[in-house]
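What follows is the residue order along each chain.
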Amino acid sequence: MDVYALRDILQDTGYDMALQNPFALEGRIKTIILAVLAAAVLAGLLWCFFGLKLIRLWSALLGLALGFSIGFLAASAFGLESKMTLIAGGGLGLLLAILGAVIYRVGVFLVAWTTGCALGVYILQPQDWRILLACAGAGLVIALFTLRFAELIIIVLTGVYGAFGAGTAIAMLLPFKGKIIRIAICAVLAVLGIAVQFLMESGKQKKRNLEKAKKIREQNSVVNDIEKARAMIDEMDEKPSMGKKGMTGKKKKVKSKKNKKTQK
């Protein structure tokens, strides 16, 4: 089944009906929609619980998608051929993907901006281009703040974003429907995801602090060993001199006794 046939079936069935009750469908369309919803649940849970831990993966994927879109649209605006538009989009997408995966700050900026924009669009559901630009501006402001407080904001953003994605898909798969149920699922997932990410980050910071403390102890032990070695060398230098003094004193005593005998 190609994309156009799938589109025709969805149009005949109704998009809202297909998404609200996918189990009522039949045939391959049911399998495809259920697979898409299951993939959405998995991706949302990964974002929700491992947003910060997989930050380089998310930044690479988002950089690839964002760069391809910008390059493709820019090349199309200049009237280039379809082959050149694909090359331009693929080149820019690959560049942003590499930058996002290698440079941590670039990846953080990409993830914060795109998730901030997506959350704004999801909540406001803009019907006007001005509101859409406002969502993009809000995402940009969040991304700039993220450069200063990277871990904290990324944990909150990815936790909330993943919770909305996974919670919405889970609500579609449930036999009972309702906006309150969907909001409750999203809220519970957001709290759990943010809490789990904070726990993992605190454990990571604790491990770093223990490693730093271990290095400091090792350095102090090396310094102490050097000082002990120096002290031992100083003692060894002092002992021969003391021995010489003792020997000269004994010689003087022997000479004084000889002189006394000769005088007698």
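Refer to the structure above for everything that follows.
Residues numbered from 1 in each chain as written. Predicted model: local features only at pLDDT ≥ 70, side-chain atom pairs only at ≥ 80, totals over all residues. Heavy atoms only, no water.

Draft legend 1. Region of interest: the environment of Leu140. Mapped onto the elements, Leu140 comes out in helix H7 (residues 129-146). In the structure, Leu140 is positioned 27 residues away from Trp113 in sequence and 5.3 Å away in space, judged by C-alpha atoms. Not counting chain neighbours up to four residues away, the residues in contact with Leu140 comprise Phe109 and Trp113. (Helix = DSSP H or I, 4+ residues; strand = E, 2+ residues; numbered from the N terminus. Contact = heavy atoms within 4.5 Å.)

Draft legend 2. The packing of aromatic side chains, seen in detail. Counted under the stated rule, the structure contains 5 aromatic pairs. On the basis of an interplanar angle of 70 degrees and a centroid distance of 5.1 Å, the ring pair of Trp47 and Tyr161 is categorised as edge-to-face. Taken together, the residues Trp47 in helix H3 (residues 28-50) and Tyr161 in helix H8 (residues 150-173) connect sequence positions 114 residues apart. The exposure class assigned to Trp47 is buried, which follows from its relative accessible area of 10%. When its relative accessible area of 30% is taken as the criterion, Tyr161 is described as partly exposed. Taking 5.9 Å as the distance between ring centres and 20 degrees as the angle between the ring planes, the aromatic pair formed by Phe68 and Phe72 counts as stacked. Taken together, the residues Phe68 and Phe72, both in helix H4 (residues 55-77) and 4 residues apart, mark about one turn of the helix. Overall, Phe72 belongs to the partly exposed group, its relative accessible area being 31%. Joined through ring pairs, the aromatic side chains of Trp47, Trp58 and Tyr161 make up one cluster. (Phe/Tyr/Trp six-rings, centres within 6.5 Å; stacked < 30°, edge-to-face > 60°. Buried < 20%, exposed > 50% of the residue type's maximum accessible area, 1.4 Å probe, protein only.)

Draft legend 3. Region of interest: the packing of H3 against H8. Between H3 and H8, the least distance of the axes is 7 Å, while the angle of their chain directions is 155 degrees. Comparing the axis directions of H3 and H8 gives the class roughly antiparallel. For the element pair H3 and H8, the recorded crossing hand is left-handed. Contact residues: H3 offers Leu34, Leu37, Ala40, Val41, Gly44, Leu45, Trp47 and Cys48, while H8 offers Thr158, Gly159, Tyr161, Gly162, Ala163, Gly165, Ala166, Ala169, Ile170, Met172 and Leu173. For the contact of H3 with H8, the residue count by class is 14 nonpolar, 5 polar and no charged. (Axes fitted to C-alpha atoms, helices over the stretch in contact; angles between N-to-C directions. Parallel < 35°, antiparallel > 145°, perpendicular 65-115°, else oblique. Left-handed = near helix turned anticlockwise from the far one by under 90°. Nonpolar A, V, L, I, M, F, W, Y, C, P; charged D, E, K, R; others polar.)

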